[in-house]
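So you can see what is in the structure, the chains are spelled out below.
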Amino acid sequence: MPPPNGCSINAAPSDKSEDSEPLIENHAVPPRCCSARLNLAILMFLGFCVVYGLRVNLSVAMVAMVNSTEPEPAGNTSVVHACPVPSGRENTSDTFQQPKGTPQYSWDSETQGWLLGAFFFGYLCTQIPGGYLAGHYGGSLFLGLGVLGTAALTLLTPLAAQWGSYWLFALRALEGFGEGVTFPAMMALWARWAPPLERSRLMTLSGSGANFGAFLALPLTGYICQTLGWPAVFYLCGGAGCLWAVFWFMFVSDDPRTHRGISEEERDYIINSIGPQGTGHGWSIPLVSMLLSVPLWAIIITQMCSNWAYYTLLTSLPTYMDTILHFDLQSNGFLSALPYLGAWLVSTLSGVVADALIERRVFSVTTVRKIFTTTGLLLPAAFLVAVGYSGCSHILTVTFLTLSTTVGGSSASGVYINQIDIAPRYAGFLLGITNTFGTIPGVVAPIVTGYFTENHTLDGWRKVFCVAAGINMGGALFYLIFGSGKIQPWAETEEEKTETERRRRRSSSQSDSS
């Protein structure tokens, strides 16, 4: 069924108000259950579970790979712990039992920080090229190859660690290089698959696989390290990624027009609702207009700010649990994972709520994105400050960390999908740009954390949490002022520009005749 007023929801509205956006009639929507677009979202969800398992497994395995995370005491001096060691662990070694023959390495805190940040050096390089190529050719090939390549390289982690920290750094950077195309490719796929009134729920469902993957990987990594040894973590995670790639290439298509299992009703609904924006952007892109776009810079700055806190916790939380709170590895993995379970639930629910607010015209797209973005940055900032002043209280620390990451999941329906609002057909390329900048904290934050926490003191970790909170607050303020959910003029197709001009002439002639 054609959209109302004879135009796609992506077309520019006939009046000059930013908040007036034509909507698709509800009865035109085919069932979502078992639909091709929902199946795509579920398969993406599983893919990003694997992706984040591959990304974070080193965070927990690092505790098992090094023979001590504490600095070596000089002479006859004893190690002073920032927090008291729980009863039963005072006389135990900082290391734990693994299967006989499992190697361990003497990497200091700074080396660990560089190894944890190595992934993001490679991840930075392929975001923009991956988004550009996915927008032109389609995203399925790039997403599939990105996961497959990263998984295959993960299988080599034990060998690289045996050769030395420099080899492991290089391998992790290569893994990031392969994985860098995945999120831009996802956005490019949804630009062709996601009806505008379902964007929030479909994209948050698929993207929430990242949080769910972290939730599964962190405790499982701890368990596997203790039972099978840390090398098994990388063999199992790498194997899972290779298996997922088989199903991805079997069942996914770049476009609803070429999908073999989609119903005619669903195909027509998707194509008509997305309109001209559901096509590739070709080789030419309005790069100068993009670089001068204030809404795009609002996404870039805000995503960088939000990612600083996210990546700080993602890469360094297991170390905090081990060196400050003295949790054993299995408890460490579970408690480090708990915040991501909450983030997964909140991000998924936020997508449903955001779509409902837009569909029922309670708020405009711009207002909805700002609500979820500011909520997802300001509340986590408050809880991070609380973590910094929780001292050695296990209960308060775990509670505030969990709440911080949980409520941060609401930003999944805000700034993290805003690219497809302002420029649907360039969404993959734009996400490549925003993710490139957004990945910089992934490189810098673990290194800064390593410097702040070199002596493993509460004061050092308090600085880590307070800096992350301050950066979050700055990002929320910037987006609140400059963010937008309106399609930008430089993103309109020629067909849409012609239609807009025709409406203006019609409106002008009606005004003259009256």
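What counts, and at which threshold
Residues numbered from 1 in each chain as written. Predicted model: local features only at pLDDT ≥ 70, side-chain atom pairs only at ≥ 80, totals over all residues. Heavy atoms only, no water. UniProt positions renumbered as here; feature names shortened; annotations may be inferred. Patch = residues over 30% accessible without salt bridge, like charges linked within 9 Å, V, L, I, M, F, W, Y side chains within 5 Å. Areas by Shrake-Rupley, 256 points an atom, 1.4 Å probe, with all protein chains shown as cover. Salt bridge = Lys/Arg side-chain N within 4 Å of Asp/Glu carboxyl O. Helix = DSSP H or I, 4+ residues; strand = E, 2+ residues; numbered from the N terminus. Core = buried A, V, L, I, M, F, W, Y, C linked by side-chain atoms within 4.5 Å. Buried < 20%, exposed > 50% of the residue type's maximum accessible area, 1.4 Å probe, protein only. Domains from an automatic or database assignment. Contact = heavy atoms within 4.5 Å. 1 Å grid on protein atoms, 1.4 Å probe; cavity = no way out; pocket = protein on both sides within 12 Å on 5 of 7 lines; lining within 4 Å. Points joined across faces, edges and corners; volume = space filled by probe spheres on them. Nonpolar A, V, L, I, M, F, W, Y, C, P; charged D, E, K, R; others polar.

- Looking at an unreviewed UniProt entry, one finds the protein named Sialin, with Amphiprion percula as its source organism.
- As recorded by UniProt, the Function (unreviewed entry) comment attached to the protein reads in full: "Receptor for CM101, a polysaccharide produced by group B Streptococcus with antipathoangiogenic properties."

Regarding a nonpolar patch on the surface
Moving on, step 1. On the surface, a nonpolar cluster with roughly 500 Å² of combined accessible area is contributed by Leu-243, Val-246, Phe-247, Met-250 and Phe-251.
Moving on, step 2. Relative to the helices and strands, Met-250 resides in helix H10 (residues 230-251).

Observations concerning the nonpolar core
Moving on, step 1. If you look at the biggest cluster of nonpolar residues, it comprises 102 residues, and the most contacted ones within it are Met-44, Met-65, Trp-107, Leu-143, Trp-190 and Trp-248.
Moving on, step 2. Among the elements that line this core, the one with the most residues is helix H1 (residues 36-65), at 19 residues.
Moving on, step 3. A domain split of this core shows at least three residues from each of domain 1 (33-67 + 105-274) and domain 2 (287-493).
Moving on, step 4. With near-sequence residues (within four places) excluded, Met-65 lies in contact with Leu-58, Pro-103, Gln-104, Tyr-105, Trp-107, Ala-161, Leu-168, Trp-230 and Phe-234.
Moving on, step 5. Judged by nonpolar contacts, the second largest core, of 17 residues, contains Ile-300, Val-415, Ala-423 and Tyr-479.

A word on empty space enclosed by the protein
Moving on, step 1. Applying the stated rule across the entire model yields nine cavities of 30 Å³ or more.
Moving on, step 2. Its boundaries defined by the atoms lining it, the largest cavity holds a volume of some 650 Å³.
Moving on, step 3. In this structure, the largest cavity is lined by 35 residues; those nearest its centre are Asn-211, Asn-307, Tyr-310, Ser-411 and Tyr-416.
Moving on, step 4. Counting residues per element, the lining of the largest cavity draws most heavily on helix H13 (residues 294-323), which supplies seven residues.
Moving on, step 5. By residue class, the composition of the lining of the largest cavity is 17 nonpolar, 17 polar and one charged.
Moving on, step 6. Looking at the lining of the largest cavity, you find at least three residues from each of domain 1 (33-67 + 105-274) and domain 2 (287-493).

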